[in-house]
Protein chains: 2
Amino acid sequence: MAEKQRHSWVAIRDSIREMILNSTYGPGDKLPRDEEFAARFGCARSTVHRAMRDLAQSGIVERRRKGGTTVRRDPVTRATLNIPITRLEVEQKGSVYRYQLIRQSMQPSPPAIMANFGLHEARPMLRVEALHLADSRPYIFEDRWICVETVPEIASVDLSRESANEWLVRNRPYSKCDLRLYARTGTSTDSEILQSEVGDALFVMERTTWISDAPITSLCAVARPGYQLFTQG
Amino acid sequence: MAEKQRHSWVAIRDSIREMILNSTYGPGDKLPRDEEFAARFGCARSTVHRAMRDLAQSGIVERRRKGGTTVRRDPVTRATLNIPITRLEVEQKGSVYRYQLIRQSMQPSPPAIMANFGLHEARPMLRVEALHLADSRPYIFEDRWICVETVPEIASVDLSRESANEWLVRNRPYSKCDLRLYARTGTSTDSEILQSEVGDALFVMERTTWISDAPITSLCAVARPGYQLFTQG
DNA sequence: AAGTGGTCTAGACCACCTC
DNA sequence: AGGTGGTCTAGACCACTTG
């Protein structure tokens, strides 16, 4: 009952992971070089590399040139979140999506937004407050700041028709994304906008993106009560 | 001002992404075969493959054998969450970690847990309720169910000394992990355990893991008010 | 300065899936 | 049944980083 491919990178990854869990190699230990493993397994070095890359991405090992591969002392659980465009998220649930621009204006970035971006000086930004609705009921409220120096085209987009969320995802790739998730108690302002009760537990997602160190957008999205965020491939 | 490596997979990835954003290839369009791209770029097919794998993982394209590579119609934002062992999370903040086992008992899996695992029949499970503390203040309360058929060794672990969280992460790899995040209003039970106020907004993380279709554990972790979950590489 | 991981190549074969 | 992506190899060179 052998595997179809004897030297598949998956098999090799599992072997190495098994050794780590066996304590053949413990936390902080240095693993043999890729070439050494390749010789042991009787496969090409690139196959070991492929396996190692997977283990590194899972957070089980750390790799450094010259430094070699070491077993992480602090294993982490890594989960990938899929954050779809809000319109598609709503439509996928079979609801009717509607979008409502509440306010937009040019403002210099306030301290909180500068902190999100890691900026030391204020930059001119477009602030957009908007509401996403599902079946005419408030779904997510977003308060977004867009750096017009990085995204000058945003000025010519009609944000009352197309959401900034959608325009940016479709037109601006990002190279870095910071995400912050937490729960907040609803205020009276929240309850007005989201038609929720004061004191409801609200789910908040803050997302900040850059394209190679240039700030793109930073937003704070507040979801209606009952909202859940899932993982999924 | 040319790049050091003219045919680096990063450069090729960026070129292809650029074409997609240019609408050279629009949503739903089929991209040329890898071999075709390789010929155009004057590189090896495996280099195109490396670039494509990255684009696929970012959620920009979809690849299928024989079906070829297509531009996704519904772009998604993908973010990787790092969920450390709770003890390390606390210690990294410079706080003193403490752990307190509240209750543990063998119980057949209730419907909610069966649903998390996708089981049709109840299985014997070890239920563990425990509290993680930071500087003697409640930090996270976890209500965990462990499938003893998959993890029989758990029976011989002293869970009053080592948290199930830590033991499992260190000893049990998983092949699949479902995550669900949401906000919940604190009940009187919550307020007792977490020393919070009734009505506080609490951040809840539900996590279910399998090892190749065999259920490992399903837990519901409730964090103290003010808790935040971040991304980070 | 040298050792280790990262990348690239050219070619081969395989596995999956649509046509 | 055939086309496409996925993997594997053997070898070469490069880039990072630590001793």
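You'll find the structure just up there.
Not measured: the values here are computed from a predicted model.

Procedures and definitions
Residues numbered from 1 in each chain as written. Chains lettered and ligands numbered in written order. Predicted model: local features only at pLDDT ≥ 70, side-chain atom pairs only at ≥ 80, totals over all residues. Heavy atoms only, no water. Helix = DSSP H or I, 4+ residues; strand = E, 2+ residues; numbered from the N terminus. Polar contact = N/O pair within 3.5 Å; in protein donor to acceptor, adjacent residues only side chain to side chain. Contact = heavy atoms within 4.5 Å. Salt bridge = Lys/Arg side-chain N within 4 Å of Asp/Glu carboxyl O. Buried < 20%, exposed > 50% of the residue type's maximum accessible area, 1.4 Å probe, protein only. Pairing = 2+ DSSP bridges. Axes fitted to C-alpha atoms, helices over the stretch in contact; angles between N-to-C directions. Near = heavy atom within 4 Å. Nonpolar A, V, L, I, M, F, W, Y, C, P; charged D, E, K, R; others polar. Least-squares fit on C-alpha atoms with pLDDT ≥ 70 in both. Buried area = accessible area lost by both parts, 1.4 Å probe. Phe/Tyr/Trp six-rings, centres within 6.5 Å; stacked < 30°, edge-to-face > 60°. Lys NZ or Arg CZ within 6 Å of the ring centre and 35° of its normal.

A. Seen up close, the side chain of S95(A). Residues and elements named next belong to chain A. Looking at the element boundaries, S95 is found in the loop between α4 (86-92) and β4 (97-108). A distance of 3.1 Å separates a polar atom in the side chain of S95 from a polar atom in the side chain of D135. If we ignore the near neighbours within four places in the chain, the residues touching S95 are V90, A134 and D135.

B. Representation of the pattern of salt bridges within the structure. Applying the stated criterion across every chain, the model contains 36 salt bridges over all chains. Here R33(B) ties to E35(B) by a salt bridge, and the two come within 2.6 Å at their closest N and O atoms. Judged by relative accessible area, R33(B) falls into the exposed class, the value being 56%. What makes E35(B) partly exposed here is its relative accessible area of 48%. If you follow the salt bridges from partner to partner, you end up with R13(A), D14(A), R17(A) and D54(A) in one network.

C. Local environment of the sheet that holds strand β8 (residues 201-211) of chain A. The antiparallel open sheet is built from 7 strands, whose spatial order is β4(A)-β5(A)-β6(A)-β9(A)-β8(A)-β7(A)-β10(B). Pairing within the sheet leaves two strands with one partner each, and these edge strands are β4 of chain A together with β10 (228-230) of chain B. In this sheet, adjacent strand axes meet at a mean angle of 15 degrees when their direction is disregarded.

D. Expanded view of the protein's contact with DNA strand C. If you check the shell around DNA strand C, you find 23 residues, and the closest are R45(A), R63(A), S8(B), W9(B) and T47(B). Counting only the atoms of DNA strand C that lie within 4 Å of the protein, the sugar and phosphate share comes to 67%. Contact between DNA strand C and D34(A): a phosphate oxygen at 3.3 Å from a main-chain N or O atom of the residue. At 2.9 Å from a sugar or linking oxygen of DNA strand C is found a side-chain nitrogen or oxygen belonging to R65(A). Its residues assigned to classes, the surface near DNA strand C shows 3 nonpolar, 8 polar and 12 charged.

E. Molecular detail of the relation of the copies chain B and chain A. Between chain B and chain A, the superposition needs a rotation of 180 degrees and an axial shift of 0.1 Å, giving an RMSD of 0.1 Å. Put plainly, the chains are arranged around a two-fold axis. Both copies contact each other with a shared surface, as 98% of the interface residues of chain B are interface residues in chain A too.

F. How the structure looks around the pairing of strand β7 (residues 176-185) of chain A. Note that β7(A) and β8(A) share 10 bridges and pair antiparallel. The partner of Y182(A) across the bridge, within β8(A), is V204(A). Judged from the 3 bridges that link them, β7(A) and β10(B) form a sheet pairing that is antiparallel. By the bridge assignment, Y182(A) is partnered in β10(B) with Q228(B).

G. Up close: the interface of chain B and chain A. At the interface, 46 residues of chain B touch 46 residues of chain A. Both sides together, the interface formed by chain B and chain A hides about 4100 Å², and carbon and sulfur atoms give 52% of it. The tally of links from chain B across to chain A stands at 0 salt bridges. At the surface where chain B touches chain A, the tally comes to 12 residue pairs in polar contact (both at pLDDT 80 or more). Of all the secondary-structure elements, those providing two or more residues to the side of chain B that touches chain A are α1 (9-21), α3 (45-58), β3 (76-84), α6 (164-171), β7 (176-185), β8 (201-211) and β10 of chain B. Taken together, the residues of the side of chain B that touches chain A sort by class into 23 nonpolar, 11 polar and 12 charged.

H. Up close: the sheet that holds strand β4 (residues 97-108) of chain B. Spatial ordering of the open sheet is given by β10(A)-β7(B)-β8(B)-β9(B)-β6(B)-β5(B)-β4(B), a layout of 7 strands whose pairing is antiparallel. Whereas interior strands pair on both sides, the edge strands pair on one side only; in this sheet they are β10 (228-230) of chain A together with β4 of chain B. Strand-to-strand twist across the sheet, computed as the mean angle between neighbouring axes with direction ignored, equals 15 degrees. Where β8(B) lies against strand β9 (residues 214-223) of chain B, 9 bridges are found, and the strand directions are antiparallel. Each bridged residue has a counterpart across the sheet, and for T209(B) the counterpart in β9(B) is T217(B).

I. Region of the structure containing the pairing of strand β6 (residues 137-147) of chain B. Residue and element names in this part refer to chain B. For β6, the tally of buried residues reaches 10 of 11 residues, placing the bulk of the element in the interior. Examined bridge by bridge, strand β5 (residues 124-134) and β6 share 10 bridges and lie antiparallel to one another. Counterpart to L133 in the pairing with β6 is P138. From the end of β5 to the start of β6, which pair antiparallel, there are 2 residues, and D135 there has a positive phi angle of about 50 degrees.

J. Highlighting the protein's contact with DNA strand D. Surrounding DNA strand D, one finds 23 residues, the nearest of these being S8(A), W9(A), S46(A), T47(A) and R45(B). Considering DNA strand D, the proportion of its atoms within 4 Å of the protein that are sugar or phosphate atoms stands at 71%. A distance of 3.4 Å is found between a sugar or linking oxygen of DNA strand D and a backbone nitrogen or oxygen belonging to R65(A). Those elements that provide at least two residues to the surface near DNA strand D are α3 (45-58) of chain A together with α3, β1 (61-64) and β2 (68-71) of chain B. It is α3(A) that provides the largest number of residues to the surface near DNA strand D, a total of 3 residues.

K. Expanded view of the packing of aromatic side chains. If you walk through the whole model with that rule in mind, you get 10 aromatic pairs over all chains. A ring pair is formed by F117(A) and W210(A), whose centres lie 6.0 Å apart and whose planes are at 85 degrees; its orientation type is edge-to-face. In this pair, F117(A) sits in helix α5 (residues 111-117) while W210(A) sits in strand β8, placing the two residues 93 residues apart along the sequence. Between the aromatic rings of Y25(B) and F37(B), the centroid separation amounts to 6.5 Å while the plane-to-plane angle is 80 degrees, which identifies the pairing as edge-to-face. With a gap of 12 residues between them, Y25(B) in the loop between α1 and α2 (34-41) and F37(B) in helix α2 connect regions that are remote in the sequence. Given the relative accessible area of 0%, F37(B) is considered buried. In this structure an aromatic cluster arises from ring pairing among Y139(A), F203(A), Y227(A), Y139(B), F203(B) and Y227(B). The residue whose ring lies beneath R50(A) is W9(A), and the NZ or CZ to ring-centre distance is 3.9 Å. Its guanidinium or amino end placed over the ring of W210(B), K176(B) lies 4.3 Å from that ring's centre, counting from NZ or CZ.

Function cannot be read off these values alone, since they describe shape.
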